[in-house]
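# Structural description and commentary
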Amino acid sequence: MTEHMTLEELKQEFDIEKTPDGLIIKKWCGRGDHCVIPGGMGITGIGENAFNGCDKLTDIMIPDSVITIGDRAFYWCDNLTEITIPDSVTSIGERIFEN
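Read on for an overview of the structure. (Residues numbered from 1 in each chain as written. Predicted model: local features only at pLDDT ≥ 70, side-chain atom pairs only at ≥ 80, totals over all residues. Heavy atoms only, no water.)

## Considerations on a nonpolar patch on the surface
The criterion, for reference: Only residues whose relative accessible area exceeds 30% and that form no salt bridge are eligible for patches; like-charged ones are grouped when within 9 Å, while nonpolar side chains (Val, Leu, Ile, Met, Phe, Trp, Tyr) are grouped when within 5 Å. For the accessible areas, the method is Shrake-Rupley and the probe is 1.4 Å, while residue cover comes only from the protein chains on display. Basic side-chain nitrogens of Lys or Arg form a salt bridge, by our definition, when they fall within 4 Å of a carboxyl oxygen of Asp or Glu. Strands here mean DSSP runs of E at least two residues long; helices mean DSSP runs of H or I at least four residues long; both are numbered from the N terminus.
Residues Ile85, Ile92 and Phe97 make up a contiguous nonpolar surface patch of about 260 Å² in total accessible area. Here Ile85 shows up in the loop between strand E7 (82-84) and strand E8 (91-92).

## Overview of the nonpolar core
Just so we agree on the cut-off: Here, the term nonpolar core denotes a set of buried Ala, Val, Leu, Ile, Met, Phe, Trp, Tyr and Cys residues that are joined through side-chain atoms within 4.5 Å. Note on exposure labels: buried denotes an accessible area under 20% of the residue type's maximum, exposed denotes more than 50%, and partly exposed covers the range between, all computed with a 1.4 Å probe on protein chains only. Residue contacts are defined here by distance: any two heavy atoms, one from each residue, within 4.5 Å place the two residues in contact.
Core analysis: the biggest nonpolar cluster contains 26 residues, and Phe14, Ile37, Ile46, Phe51, Ile69 and Phe74 have the highest contact counts within it. Among the elements of the structure, strand E1 (14-19), strand E2 (22-28) and strand E4 (43-46) are those that each provide at least two residues to this core. It is E2 that provides the largest number of residues to this core, a total of 3 residues. Every residue in contact with Phe51, bar those within four places of it in the chain, is listed here: Phe14, Trp28, Cys35, Ile37, Ile46, Leu57, Ile60, Ala73, Phe74, Tyr75 and Cys77.

## With respect to the sheet that holds E8
Selection criterion: For two strands to be treated as a pair, DSSP must find at least two bridges joining them.
Across the sheet, 5 strands lie side by side as E1-E2-E4-E6-E8; this open sheet has mixed pairing. On the outer flanks of this sheet lie E1 and E8, each paired with one strand and no other. Bridging between E2 and E4 involves 3 bridges; their strand directions are parallel. Looking at E4, one finds that Ile24 is bridged to Gly45.

## Things to note about the pairing of E2
Counting buried positions along E2 yields 5 of 7 residues, so the element is predominantly enclosed. In terms of strand pairing, E1 meets E2 through 6 bridges, oriented antiparallel. For Thr19, the partnering residue across the bridge sits in E2 and is Gly22. Between E1 and E2, which pair antiparallel in sequence order, lie 2 residues.

Read these as spatial facts, not as claims about activity.
Below you can see the structure in the form of C-alpha cells.
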C-alpha cells in the first residue's frame, strides 16, 4: 500500500466510516503482514476492534492525522512487533494490545 491513494483504493483496503470529524477506520481488509495508513486522506481515528485478530500483521504506521485509537484496536494481533503512534493521538482506548 502506498501513501497516496484514491478514496476507492482506500475503501478496498479499509472499511471506513465518515463522521463529522473525519474518516474512522472500522476494519482493515488487508491480508499482508504490514499496513501503512495513508496520510492526507482525512483519517482521524482507528475504531474499536479495527485490526482485531489480524494475526499476520507485523507492523503498522499511523499518520499524523489520527487523533483517536479505539478499544481493542489491535487485540489478538499476536505478531505485531512494530507500531508507529504519532504525537497527534490524544485518545487511546482500553486494552488496545491485549490478547
